[in-house]
Amino acid sequence: MDEILGQVLRNAVWERLDMLSELANRADAPSLLSVARSELPRLTDGWRALLAAHEPDEKGNCPECSTRWRQQKSPCSVWRAAYEHLVAGGLAPRPARHMLSPQQPAPAPRGSRHRSTVAVAH
């Protein structure tokens, strides 16, 4: 049952992100302004809540990404993703696919949907 609920929640989030991307790409200026005023505060609140959960503890470890047996030093992948998407944004050069090492996965194109049924344990 938890797997089904998890998939429903993930699908709803992906659909919402797709809808916002579609609006950003195709909406007229007044509609875009209205969406920005309602959605930007929600998105920033969401990022803040996510990042607060991943704030390093007194030992410099991420409490969400760490396990009893393996401590994850800060900055964890959540903080690195936040920096890339919120600060570096379009300014961060993306490596060409042919320049990536065989072990390194190609970055997902912007706006792509990643539907994973694997649960991420934190």
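Residues numbered from 1 in each chain as written. Predicted model: local features only at pLDDT ≥ 70, side-chain atom pairs only at ≥ 80, totals over all residues. Heavy atoms only, no water.

Observations regarding the nonpolar core
Listed in full, the 6 residues of the largest apolar core are Leu51, Cys62, Cys65, Cys76, Val78 and Ala82. Setting aside its immediate chain neighbours within four residues, alanine 82 contacts Trp47, Leu51 and Val87. (Core = buried A, V, L, I, M, F, W, Y, C linked by side-chain atoms within 4.5 Å. Buried < 20%, exposed > 50% of the residue type's maximum accessible area, 1.4 Å probe, protein only. Contact = heavy atoms within 4.5 Å.)

Quick look at the environment of histidine 54
Within the fold, histidine 54 resides in the loop between α2 (29-53) and α3 (77-88). The spacing of histidine 54 and proline 75 is 21 residues in sequence and 8.6 Å in space, taken between C-alpha atoms. (Helix = DSSP H or I, 4+ residues; strand = E, 2+ residues; numbered from the N terminus.)

Structural notes on α2
Compared with the 36 Å implied by 1.5 Å per residue over 25 residues, the 35 Å span of α2 between its first and last C-alpha is a close match. The principal kink in α2, of about 35°, is found at glutamate 39, preceding the proline proline 41 by one to four residues. Of all the positions in α2, only Val35, Glu39 and Leu51 are classed as buried. On the buried face of α2, the contacting elements are α1 (2-26) and α3. (Expected span 1.5 Å × (residues − 1). Bend = angle between axes of the 7 residues up to and from the residue.)

Some remarks on the packing of α1 against α2
Interaxial distance between α1 and α2 falls to 11 Å at its minimum, and their mutual angle equals 145°. Between α1 and α2 lies a crossing of left-handed hand. In this structure, α1 uses Arg16, Leu20, Leu23 and Ala24 to contact α2, whose residues at the interface are Leu32, Val35, Glu39, Arg42 and Leu43. Split into classes, the residues belonging to the contact of α1 with α2 amount to 6 nonpolar, no polar and 3 charged. (Axes fitted to C-alpha atoms, helices over the stretch in contact; angles between N-to-C directions. Left-handed = near helix turned anticlockwise from the far one by under 90°. Nonpolar A, V, L, I, M, F, W, Y, C, P; charged D, E, K, R; others polar.)

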